[in-house]
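Chain residues, written in single-letter form:
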Amino acid sequence: MGKTLSEKIIGKHAGREVKAGDIAVVNVDVCLTQDGTGPLAVKQLQKMGLMKSANPQKTVLFIDHAAPSPRKELSNDHNILREFAEETGSYLSDAGEGVCHQIINEKFVRPGDILIGADSHTCTGGALCAFSTGMGSTDVAVGIALGKTWLRVPETFRVICDGNFSKGVSAKDMILYFIGVIGADGATYKALEFTGSAVKNMDMNDRFTVANMAVEAGAKAGLMESDDVTRLFLKAMKREKDFQKISPDPDAVYEKEFRINISELEPMVSFPHTVDNTRKVSEAGDIKVHQVHIGTCTNGRLKDIEIASRLLKGKKVKKGTRLLITPASRDIYLQAMGKGYIAELVKAGALINPPGCGPCVGVHQGILADGENCLSSQNRNFRGRMGNVEANIYLASPYTCAVSALTGKITDPRDFL
Ligand code: SF4
């Protein structure tokens, strides 16, 4: 019987043939934790008497969620990670280097890998055709110490995306649309396989955006086959030797199939307080935005900052609206400065956060006031997500975010292109 991407990758790491529904113990290639979940993982290892890393070169500890630290308690948590890295030889990605899901995929993940991360958006690595999934701190702690974990092999939903994106419509709109259709729990513990001409034509920036949000439909992983686009990305990261071609078998068995006609897509926006509460931007109505945020592991890449810079160049952010930009990594920040994007954004009135998660998770760098609306390029808009349960978060693409910063309300970007 033919195999899906997940069955192929998990089977290889289990050392036997597997199919959906099987329980498998697998070797793990890469483990990640971040400053929210990592200290818990280290404390679990201490309790278990397992203060070690089976594969320190591929155990990566990120200080990105509250970086630099806004409180002494978090500063102490950061030091737990720094000390564990020192003790075990694990890789520490300290404050200022960037968001875990950006760095891990730039530097560590290879097609065919299994990556486990104590962060729900670890699924981003599926864009490189890795089985990449989020787990709890204790599971990841054991994976770090023993180099193994266990998984139930997920059934797979195939998402076929054909057609061409219209101007001002992007991969972010595609994934918001899909989550709106399937629902926030529509793919619980399933693997999503994204395919079709629109996916084949996407660059890696867009593929990461799509895979990043697989978990917002409840999915265990969101994968794409590896191809020349993957190879060229790895080459640009000076890791071309890490490339391998992996495709699902033509007779792979899928539990469900979905088709999206990309040519018909419009800019989308998720309304508060769930990601699947989607509408077309053209039908959003008159919604004032007090803050716009462009950044995060979903849309904080160079391409996203370039879009914002292009749309805001020579103009001003609307009075009464704040625009925050958070580059996803130091390299992206440097490139954006080198190309003049940051200067244009600052001239337009934007505030630039250091590379990291920025205000996405609500600990610092842009907490909303009661009753305020934020339009963000991030992946999640749960009540209280950005630090205030009395505020509202709307999700959209960098195009929509950038033009909305100019108008001060949620605005269809197609009118500005
Ligand atoms: Fe999580 Fe947001 Fe950081 Fe991404 S940017 S890892 S979603 S807090």
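Residues numbered from 1 in each chain as written. Predicted model: local features only at pLDDT ≥ 70, side-chain atom pairs only at ≥ 80, totals over all residues. Heavy atoms only, no water.

Student: I'd like to hear about the overall build of the protein, residue by residue, with values.
Tutor: In terms of helices and strands, the protein carries 14 helices and 18 strands. The C-alpha atoms of the protein give a radius of gyration of 20 Å, which matches the 22 Å a tight globule of 417 residues would have. By principal-axis analysis of the C-alpha atoms, the protein measures approximately 60 × 50 × 40 Å. The 417 residues of the protein split such that 61% are buried. Partitioning the contacts of the protein with sequence separation of at least 6, the portion at a separation of at least 24 is 75%. With 51 positive and 48 negative side-chain charges, the protein shows a spacing of 3 Å between the two charge centroids. (Helix = DSSP H or I, 4+ residues; strand = E, 2+ residues; numbered from the N terminus. Rg over C-alpha atoms; globule rule 2.2 N^0.38 Å. Buried < 20%, exposed > 50% of the residue type's maximum accessible area, 1.4 Å probe, protein only. Contact = heavy atoms within 4.5 Å. Lys, Arg positive; Asp, Glu negative; His and termini not counted. Charge placed at Lys NZ, Arg CZ, Asp CG, Glu CD.)

Student: Could you give an account of the sheet that holds strand S6 (residues 131–134), naming the residues involved and the relevant values?
Tutor: Read from one edge of the open sheet, 5 strands run S4-S3-S2-S5-S6, paired in parallel fashion. Pairing within the sheet leaves two strands with one partner each, and these edge strands are strand S4 (91–93) and S6. In this sheet, neighbouring strand axes are inclined to one another by 15° on average, regardless of whether the strands run parallel or antiparallel. For strand S5 (residues 114–117) and S6, the ladder comprises 4 bridges, and the chain directions are parallel. Note on S6: the bridge partner recorded for glycine 117 is glycine 134. (Pairing = 2+ DSSP bridges. Axes fitted to C-alpha atoms, helices over the stretch in contact; angles between N-to-C directions.)

Student: Give me the lowdown on a nonpolar patch on the surface, citing residues and values where you can.
Tutor: A cluster of nonpolar residues, Ile23, Val25 and Trp150, forms a patch on the protein surface that exposes about 340 Å² of accessible area. Relative to the assigned elements, tryptophan 150 resides in strand S7 (residues 148–152). (Patch = residues over 30% accessible without salt bridge, like charges linked within 9 Å, V, L, I, M, F, W, Y side chains within 5 Å. Areas by Shrake-Rupley, 256 points an atom, 1.4 Å probe, with all protein chains shown as cover. Salt bridge = Lys/Arg side-chain N within 4 Å of Asp/Glu carboxyl O.)

Student: Can you lay out the site of the ligand for me, pointing to particular residues and giving the numbers?
Tutor: Taken together, His65, Val99, His101, Asp119, His121, Thr296, Cys297, Cys357, Cys360, Val361, Asn379 and Arg385 make up the full set of residues near the ligand. Looking at the shell around the ligand residue by residue, the class counts come to 5 nonpolar, 5 polar and 2 charged. (Near = heavy atom within 4 Å. Nonpolar A, V, L, I, M, F, W, Y, C, P; charged D, E, K, R; others polar.)

Student: So what's going on with the packing of aromatic side chains? Which residues, and what values?
Tutor: Describing an aromatic ring pair means giving the distance of the ring centres and the angle of the ring planes. Considering all chains together, one arrives at 6 aromatic pairs under this definition. Look at tyrosine 91 and phenylalanine 108: their rings are 5.1 Å apart centre to centre, the planes differ by 75°, and that puts the pair in the edge-to-face class. Linking tyrosine 91 in strand S4 with phenylalanine 108 in the loop between helix H4 (100–107) and S5, this pair joins segments that are 17 residues apart in sequence. What makes phenylalanine 108 buried here is its relative accessible area of 7%. Here the aromatic residues Phe157, Phe178, Phe194 and Phe258 are joined through ring pairs into a cluster of three or more. Sitting over the face of the ring of phenylalanine 271, arginine 279 holds its NZ or CZ atom 3.8 Å from the ring centroid. (Phe/Tyr/Trp six-rings, centres within 6.5 Å; stacked < 30°, edge-to-face > 60°. Lys NZ or Arg CZ within 6 Å of the ring centre and 35° of its normal.)

Student: Describe in detail the sheet that holds strand S10 (residues 221–223), supporting the description with residues and values.
Tutor: In spatial order, the strands read S10-S9-S8-S11; together these 4 strands make up an open sheet with parallel pairing. Looking along the sheet, the strands with just one partner apiece sit at the ends: S10 and strand S11 (256–261). The average undirected angle you get between the axes of adjacent strands in this sheet is 20°. Of the strands in this sheet, strand S8 (156–162), strand S9 (191–195) and S11 touch helix H6 (residues 171–182), which is tilted by about 135° from S11.

Student: With reference to specific residues and values, describe the environment of leucine 351.
Tutor: Structurally, leucine 351 is set in strand S16 (residues 351–352). For leucine 351 and isoleucine 325, which are 26 residues apart along the polypeptide, the C-alpha to C-alpha distance reads 6.2 Å. Excluding residues within four positions of it along the chain, leucine 351 makes contact with Leu323, Leu324 and Ile325.

Student: Summarise the pattern of salt bridges; cite the residues concerned and give the values.
Tutor: This model, assessed by the stated rule, comprises 29 salt bridges. Residues glutamate 344 and lysine 347 are paired through a salt bridge, measuring 4.0 Å at the closest nitrogen-oxygen approach. With a gap of 3 residues between them, glutamate 344 and lysine 347 both fall in helix H13 (residues 341–348), about one helical turn apart. The class of glutamate 344 is buried, set by a relative accessible area of 18%.

Student: Requested: an account of the pairing of strand S14 (residues 291–295), with residues and values cited.
Tutor: The side chains of a regular strand alternate between both faces of the sheet. Across the 5 residues that make up S14, a large majority, 5, are buried. Neither face of S14 is open: one carries Gln291, His293 and Gly295, the other Val292 and Ile294, and all of them are buried. Sheet topology places S14 next to strand S15 (residues 322–326); 5 bridges connect them, and they run parallel. In the strand pairing of S15, histidine 293 is matched with leucine 324. Inspection of the sheet shows S14 paired to strand S17 (residues 373–376) by 3 bridges, in the parallel sense. Pairing of glutamine 291 across the sheet is with cysteine 374, part of S17.

Student: Residues and numbers for the side chain of threonine 88, please.
Tutor: Tracing the backbone through its elements, the reader meets threonine 88 in helix H3 (residues 72–88). Judged by its relative accessible area of 15%, threonine 88 falls in the buried class. Of the polar contacts made by the side chain of threonine 88, one reaches the backbone oxygen of phenylalanine 84; its length is 2.7 Å. Those residues in contact with threonine 88 that lie beyond four places of it in its chain are Met51, Lys52, Ser53 and Pro56. (Polar contact = N/O pair within 3.5 Å; in protein donor to acceptor, adjacent residues only side chain to side chain.)

Student: Can you break down unusual backbone geometry residue by residue, with the values?
Tutor: Omega for the bond connecting alanine 67 with proline 68 falls within 30 degrees of zero, at 0°, which places this linkage in the cis form. Here proline 68 lies in the loop between strand S3 (59–62) and H3. In this structure, the amide linkage connecting proline 272 to the following residue, histidine 273, adopts the cis form with an omega of 0°. The residue histidine 273 is located in the loop between strand S12 (268–270) and strand S13 (278–280) in this model. If you check the backbone angles, cysteine 129 has positive phi at about 65° while not being a glycine. The topology assignment puts cysteine 129 in the loop between S5 and S6. When its relative accessible area of 0% is taken as the criterion, cysteine 129 is described as buried. We note that tyrosine 189 has phi near 55°; this positive angle belongs to a residue other than glycine. Relative to the helices and strands, tyrosine 189 is located in the loop between H6 and S9.

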